[in-house]
Amino acid sequence: MAVKITDICISCDACLDECPVEAIVDNDENPTGEDIYYVYSDKCVECVDHHDSPACADACPTEGCIVWDEPGVGSVESPDRGQAGTPVVED
Ligand code: SF4
Ligand code: SF4
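The name given to the protein chain in an unreviewed UniProt entry is Ferredoxin, with Malaciobacter halophilus as the source organism.

A. Focus on the site of ligand 1. Around ligand 1, a shell composed of 15 residues is seen, among which C19, C44, C47, P54 and C56 lie nearest. Among the residues forming the shell around ligand 1, the class breakdown is 13 nonpolar, no polar and two charged.

B. Fine view of the environment of P54. Mapped onto the elements, P54 comes out in the loop between strand 3 (38–39) and helix 1 (55–59). Classification of P54 as buried rests on a count of 28 C-beta atoms within 10 Å. Residues P54 and V88 lie 34 residues apart in sequence; the distance between their C-alpha atoms is 7.5 Å. Non-local contacts of P54, meaning those with residues more than four positions away in its chain, are made with V3, E46, C47 and V88.

C. A look at the nonpolar core. Membership of the largest hydrophobic core comes to 18 residues, with the highest contact counts inside it found for V3, I24, V39, C56 and I66. Other than its neighbours up to four places away in sequence, I24 contacts C15, L16, C19, Y37, V39 and C56.

D. Up close: the site of ligand 2. Around ligand 2 there are 14 residues in total, and C9, C12, A14, C15 and C60 lie nearest to it. Tallied by class, the residues present in the shell around ligand 2 amount to eleven nonpolar, two polar and one charged.

E. Region of the structure containing unusual backbone geometry. A positive phi angle, close to 55°, is found at S11, a residue other than glycine. Assignment of secondary structure puts S11 in the loop between strand 1 (3–5) and strand 2 (24–25). Taking the C-beta count within 10 Å as the criterion, S11 has 15 such neighbours and is therefore assigned partly exposed. Despite not being glycine, E46 shows a phi value in the positive range, around 55°.

The rules behind these values
Residues numbered from 1 in each chain as written. Chains lettered and ligands numbered in written order. Predicted model: local features only at pLDDT ≥ 70, side-chain atom pairs only at ≥ 80, totals over all residues. Near = placed C-beta within 6 Å. Nonpolar A, V, L, I, M, F, W, Y, C, P; charged D, E, K, R; others polar. Helix = DSSP H or I, 4+ residues; strand = E, 2+ residues; numbered from the N terminus. Buried ≥ 20, exposed ≤ 12 C-beta atoms within 10 Å, placed from the backbone. Contact = placed C-beta atoms within 7 Å. Core = buried A, V, L, I, M, F, W, Y, C linked by C-beta atoms within 7 Å.

This is the structure we're talking about:
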């Protein structure tokens, strides 16, 4: 499955180099045209077999910015994933 970057993203760059499968692109390469960073759901593996938790969300300074995507989006699912739309990292 995948995670999703929401519109409270501040384009700070912190997540970009953390992704082990290069699923994240910056606002210039966002295929939706939105001025925020973007996760390719067909590439994101929810960091399974790479990290204990999604590295992008762990690196993100914007609380609640990176959320779990809908079930069925992407191919790999973390056993620890939350409901779609809920923050990956909750304080
Ligand atoms: S959860 Fe992991 S694989 Fe998915 S975009 Fe974030 S860093 Fe990349
Ligand atoms: S770390 Fe968070 S706020 Fe920064 S670019 Fe990535 S998603 Fe946006």
